[in-house]
Amino acid sequence: MASSKQEEELEKGRTPCAGYKHGPPWVFKGSALYQLHLVKASTARAFVPRDLRLVEAFGYTLGGMFLARYHDSPAGAFDELVVIAGIVWNPPTSCAWAARVLVNSVEACRHGRKEVGLPSHVATFSKTEASALDNKPLVKSNSFLSVLGIGSSVSKQENRGEIEISETKGSSTKHLCNISLPLTGSNNKHHKWMGPAIRMSLPSFSGQTEDHPDLLKYSCQVECRVLPVKPARIWNSGTTDTQEYSDGKMNNAGPNVLADSDAQSQSISVLLSKPIFALEFSSLRMHVDAPKIVVPHRKKKEVGYSST
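Residues numbered from 1 in each chain as written. Predicted model: local features only at pLDDT ≥ 70, side-chain atom pairs only at ≥ 80, totals over all residues. Heavy atoms only, no water.

Engineer: So what exactly am I meant to see when it comes to the overall build of the protein chain here?
Structural biologist: Helix and strand counts for the protein chain stand at five helices and 13 strands. The buried share of the protein chain, reckoned over its 308 residues, is 51%. Just so you have it, the protein chain exposes about 14700 Å², and 51% of that area is on carbon and sulfur atoms. (Helix = DSSP H or I, 4+ residues; strand = E, 2+ residues; numbered from the N terminus. Buried < 20%, exposed > 50% of the residue type's maximum accessible area, 1.4 Å probe, protein only. Areas by Shrake-Rupley, 256 points an atom, 1.4 Å probe, with all protein chains shown as cover.)

Okay, structure coming up:
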């Protein structure tokens, strides 16, 4: 947990990020779960700036999460959860839009805010071993990985590794969500195939925050071994019904209008949305380029009018 002094330095932009000064590109090594969800457009719009068009069909967009453990990075070893609100379109390209980024590193949090224009927050990632599945609500059971030190073979009755993620600010902590991952026998000699080696690009928009009022675009160049897996199981013990912002005011607002507590609540709604696909990234090596300022594209007929 970050101390109050660390948080104060983070807010004032004085926390040093010695490892980041050698980039870009900044290089991150580790493992990750990239999970795609069908997110209600009304939920995603609360985060997307008015100048960007949400890519949607039948009232849904494609969002989800990127859950990673980096054993080597400019900020050292740390965990990260990126909540992806959806896909947005700014001609000539479409990119993902992050609703919230949680990291257990003050350096990584500051870098995300100050250099990349991300909605980054300091968090704790508490790992525990849970007994076999009971009757916890929400998203489907999972077949994942050794992300965060947890194995990846599947059994319906197996014990599960549970990650509890809580945001921290000073001495206060607020629970965000729990993510359930299956534990496997680490002494199993027949290690499963980790999938083919691939290279891919994950472009994203960011910015339009207090630290970066401009719209930014950055790209993550990924080299890894990739394997389709069953989606992780996610729940929030303090949430029974997800709250959707569906009135027209939210369509024009964008993330700058959301109070932080509302933004956190809406990011939970994204996590609790319907999972459709998940990929396990192992032997991950990710190069993150410095963001570039882009101009929001608005057609004349769209000026003064919000439409998706």
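So, next bit.
Engineer: What is the right way to look at the pattern of salt bridges in this model?
Structural biologist: Here the idea is simple: oppositely charged side chains can pair when their charged atoms come close. What the rule picks out here adds up to six salt bridges. One salt bridge connects R69 with D79, and the closest N-O pair in it is separated by 3.1 Å. Residue R69 is found in strand β3 (residues 60-72), and its partner D79 is found in strand β4 (residues 78-90); the two are separated by ten residues along the sequence. When its relative accessible area of 2% is taken as the criterion, D79 is described as buried. Overlapping salt bridges, with partners in common, bring together R69, D79 and K127 in one network. (Salt bridge = Lys/Arg side-chain N within 4 Å of Asp/Glu carboxyl O.)

Engineer: In this structure, what is going on with the packing of aromatic side chains? I would like to understand it.
Structural biologist: Geometry of an aromatic ring pair is reported as the spacing of the ring centres plus the angle between the planes. Applying the stated criterion across every chain, the model contains seven aromatic pairs. A centroid spacing of 6.3 Å and a plane angle of 80° characterise the contact between F28 and F78, whose relative ring orientation is edge-to-face. On the criterion of sequence distance, the pair formed by F28 in strand β1 (residues 26-40) and F78 in strand β4 is long-range, its members being 50 residues apart. By relative accessible area, which is 8% here, F28 ends up buried. A ring pair is formed by Y34 and F281, whose centres lie 6.1 Å apart and whose planes are at 35°; its orientation type is tilted. (Phe/Tyr/Trp six-rings, centres within 6.5 Å; stacked < 30°, edge-to-face > 60°.)

Engineer: Got a minute to help me understand the nonpolar core in this structure?
Structural biologist: Most often, soluble globular proteins keep nonpolar side chains buried together rather than apart. With 37 residues, the main nonpolar core has L81, I165 and I179 as its most contacted residues. Y70, A75, V101 and L202 belong to the second-largest nonpolar core, a separate cluster that totals 34 residues. (Core = buried A, V, L, I, M, F, W, Y, C linked by side-chain atoms within 4.5 Å.)

Engineer: So what exactly am I meant to see when it comes to the pairing of β4 here?
Structural biologist: Strand residues, when the strand is regular, have side chains that alternate between the two faces of the sheet. In terms of burial, β4 is a largely internal element, eleven of the 13 residues being buried. Alignment of strand β2 (residues 53-54) against β4, held across two bridges, turns out to be antiparallel. Bridge assignment links L54 to a residue of β4, and that residue is V88. Sheet topology places β3 next to β4; seven bridges connect them, and they run antiparallel. (Pairing = 2+ DSSP bridges.)

Engineer: What's the story with the environment of S269 in this structure? I'm lost.
Structural biologist: When you line up the elements, S269 lands in helix α5 (residues 260-271). Along the sequence, S269 and V39 sit 230 residues apart, while their C-alpha atoms lie 8.4 Å from each other.

Engineer: Explain a nonpolar patch on the surface here, please?
Structural biologist: A cluster of nonpolar side chains, contributed by L38, Y60, L62, I276 and F277, occupies part of the molecular surface with about 400 Å² of accessible area. The topology assignment puts L38 in strand β1. What makes L38 partly exposed here is its relative accessible area of 32%. (Patch = residues over 30% accessible without salt bridge, like charges linked within 9 Å, V, L, I, M, F, W, Y side chains within 5 Å.)

Engineer: Is there a simple way to explain the pairing of strand β5 (residues 93-103) in this structure?
Structural biologist: In terms of residue burial, β5 counts as a mostly covered element, since nine of its eleven residues are buried. Here β4 pairs with β5 via ten bridges, running antiparallel. From the neighbouring strand, L81 faces β5, where its bridge partner is L102. Between β4 and β5, which pair antiparallel one after the other, the connecting turn spans two residues. The pairing of β5 with strand β9 (residues 197-207) spans two bridges and is classified as parallel. Paired with W97 across the two strands is F205, which belongs to β9.

Engineer: What's the story with the confidence of the model for the protein chain in this structure? I'm lost.
Structural biologist: Detailed reading of the predicted coordinates is not advisable wherever pLDDT falls low. The predicted model of the protein chain has a mean per-residue pLDDT of 79, with 70% of residues at 70 or higher. When the elements of the protein chain are averaged for pLDDT, helix α4 (residues 248-253) gives the smallest value, 37, and β3 the largest, 97. Every residue in residues 184-190 is under pLDDT 50, and counting partners more than four places away or in other chains gives four contacts. Below pLDDT 50 for its whole length, residues 299-308 participates in ten contacts with residues either more than four positions away or in separate chains. (pLDDT = per-residue confidence, 0-100. Contact = heavy atoms within 4.5 Å.)

Engineer: Help me understand unusual backbone geometry, please; the structure alone is not making it clear to me.
Structural biologist: Excluding glycine, most residues fall at negative phi; most peptide bonds, likewise, are trans. Omega for the peptide link from G23 to P24 comes to -5°, which places this bond in the cis form. Positionally, P24 belongs in the loop between α1 (4-12) and β1. Between P91 and P92 the backbone carries a cis peptide bond, its omega angle lying at 10°. Notably, Q208 is not glycine yet its phi reads approximately 55°, a positive angle.

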